[in-house]
Amino acid sequence: GGDPWAGGAALTSKFGNFYAPNITPHPEEGIGNWTFSEFVRAVRQGVAPDGDPYYPAFPYEFYAGFTDADMADLWAAMRALPPSAQETKPHQVGFPFNIRKGVKVWRTFFERPFIYQPDPGQSASWNRGRYIVEGPGHCVACHTPRNMFGGLDTARQLEGDPRMQDGGESPPLTLEALSSKGWTRASLITALRRGVLPDGDAFGGSMAEVVHVGTSFLLEQNLADIATYLLDLE
């Protein structure tokens, strides 16, 4: 019910509630006074203009691989938004996680930034799919188990998380798991576009929101790229 892009949505976790900030070009309450270089550092590196680190609830680990062209496009889009004076809601995080400087310690041990390097042995579609899944789509963030400190278990990437931060669970997206359930390129594209599963059921929980405000807007080619990567197709 608030202004578009003005923040306020809660991300519930075991460490507390994190609230999305106002990212409209309002000069005081938003990012209107930021420079392009500050914007790039925030998105790719998770560092605020004042030098403080952002909590990893903001998935900058996965945005680290954004190309320069991506960043220029994002900046142009952000600058074109209508400014909103809506104040950013402070996070509700208990001690000791409310000490922002402690994030630097966490990052030393658990941060795994995704730096995209195409695989010359794979097709262009497979490589684009990997870029989306492991990068800006940050599917890995929810479909990979995390340890007690919230760090990703990278040895079990996309194996699903039975104990997600919000108390739910996510299924595995490995080739073996998807193949065993009969997923195909066509059914994956349909699911990511419309939220409808092969058996006629629909996504629920957080995945329904991912489709509604995320993957349903992707180009048909990009949905095919995701399916190509996850199902290891040519």
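Cut-offs and rules
Residues numbered from 1 in each chain as written. Predicted model: local features only at pLDDT ≥ 70, side-chain atom pairs only at ≥ 80, totals over all residues. Heavy atoms only, no water. Pairing = 2+ DSSP bridges. Helix = DSSP H or I, 4+ residues; strand = E, 2+ residues; numbered from the N terminus. Phe/Tyr/Trp six-rings, centres within 6.5 Å; stacked < 30°, edge-to-face > 60°. Buried < 20%, exposed > 50% of the residue type's maximum accessible area, 1.4 Å probe, protein only. Core = buried A, V, L, I, M, F, W, Y, C linked by side-chain atoms within 4.5 Å. Contact = heavy atoms within 4.5 Å. Arc of directions from axis to C-beta. Disulfide = S-S within 2.5 Å. Salt bridge = Lys/Arg side-chain N within 4 Å of Asp/Glu carboxyl O. Polar contact = N/O pair within 3.5 Å; in protein donor to acceptor, adjacent residues only side chain to side chain.

K.L.:
Got a minute to help me understand the pairing of strand β2 (residues 16-19) in this structure?
P.N.:
Put simply, side chains in a regular strand alternate between the two faces of the sheet. Summarising the sheet, strand β1 (residues 10-13) and β2 pair through four bridges and their orientation is antiparallel. Note on β2: the bridge partner recorded for Thr12 is Asn17. The antiparallel pairing of β1 with β2 creates a hairpin that spans two residues between the two strands. As defined by bridge partners, β2 adjoins strand β3 (residues 92-93) across two bridges and the pair is classed as antiparallel. Each bridged residue has a counterpart across the sheet, and for Gly16 the counterpart in β3 is Val93.

K.L.:
In this structure, what is going on with the packing of aromatic side chains? I would like to understand it.
P.N.:
Summed over the entire model, instances satisfying the criterion amount to 10 aromatic pairs. Arranged with centres 5.8 Å apart and planes meeting at 70°, the rings of Phe58 and Tyr63 form a pair that is edge-to-face. According to the relative accessible area criterion, Phe58 is partly exposed, its value standing at 27%. Tyr63 gets classed as buried once you look at its relative accessible area, which sits at 16%. On the numbers, 5.0 Å between centres and 75° between planes, the contact of Trp126 with Tyr229 is edge-to-face. With a gap of 103 residues between them, Trp126 in helix α5 (residues 124-134) and Tyr229 in helix α10 (residues 220-230) connect regions that are remote in the sequence. Judged by relative accessible area, Tyr229 falls into the buried class, the value being 14%. Three or more aromatic residues joined by ring pairs form one cluster here, namely Tyr54, Phe58, Tyr60, Tyr63 and Phe66.

K.L.:
I would appreciate a short explanation of the nonpolar core in the present structure.
P.N.:
Most often, soluble globular proteins keep nonpolar side chains buried together rather than apart. Phe39, Leu178 and Leu230 are the most contacted members of the largest nonpolar core, which totals 36 residues. Broken down by secondary-structure element, the contributors of at least two residues to this core are α1 (36-45), α2 (60-63), α3 (68-79), α5, α6 (139-143), α8 (185-194) and α10. At six residues, α10 tops the list of elements feeding residues into this core. Leaving out residues up to four positions away in the same chain, Phe39 has contacts with Ile31, Trp34, Met71, Leu74, Trp75 and Met78.

K.L.:
Just checking my understanding: could you explain α1 for this structure?
P.N.:
Residues spaced three or four apart along an α-helix point in a common direction, a consequence of the helix completing one turn every 3.6 residues. Here α1 has its buried residues at Phe39, Val40, Ala42 and Val43. One face of α1 carries all of its buried residues, which in axial projection span an arc of 165°. Buried positions along α1 lie against α2 and α3. Two residues or fewer past α1, Gly46 is found with a positive phi of approximately 70°.

K.L.:
How should the state of the cysteines be read in this particular structure?
P.N.:
Any covalent bond linking the sulfur atoms of two cysteines counts as a disulfide. Throughout the structure, instances matching the rule amount to zero disulfides. The thiol sulfur of Cys139 is not disulfide-bonded, and the nearest other cysteine sulfur, from Cys142, lies at 8.7 Å. Taking the relative accessible area as the measure of exposure, Cys139 reaches 21% and is therefore partly exposed.

K.L.:
It is not clear to me how the pattern of salt bridges should be interpreted in this structure. Could you clarify?
P.N.:
Side-chain pairs of opposite charge can arise where the charged atoms are in close proximity. One pass over the structure, following the stated rule, counts five salt bridges. Between Glu159 and Arg156 there is a salt bridge, with the nearest N and O atoms lying 3.1 Å from each other.

K.L.:
Teacher, can you tell me more about the side chain of His26 here?
P.N.:
For His26, the position within the fold is in the loop between β2 and α1. Among the residues examined, His26 registers a relative accessible area of 15% and is labelled buried. Looking at His26, its side chain comes within polar contact range of the main-chain nitrogen of Glu29, at 3.1 Å. Beyond its immediate stretch of four places on either side in the chain, His26 contacts Ile31, Gly32, Pro83, Ser84 and Ala85.

K.L.:
Quick question: what am I supposed to make of the sheet that holds β3 here?
P.N.:
Sheet strands pair via backbone hydrogen bonds, and the direction of the pair is either parallel or antiparallel. An order of β1-β2-β3 is seen for the three strands of this open sheet, with the pairing classed as antiparallel. Looking at the sheet topology across the chains shown, the edges are occupied by β1 and β3.

K.L.:
How do you make sense of the side chain of Glu61 when you look at a structure like this?
P.N.:
With respect to the secondary-structure elements, Glu61 resides in helix α2. Contact partners of Glu61, with chain neighbours within four places excluded, come to Trp106, Phe110, Glu111, Arg112, Pro113 and Phe114.

K.L.:
So what exactly am I meant to see when it comes to the environment of Asp52 here?
P.N.:
As for its position among the elements, Asp52 is in the loop between α1 and α2. Judged by its relative accessible area of 22%, Asp52 is partly exposed. Between the alpha carbons of Asp52 and Gly200 there is a distance of 46 Å; along the sequence they are 148 residues apart. With residues near it in sequence (within four places) discarded, Asp52 still touches Gly46, Val47, Arg100 and Lys101.

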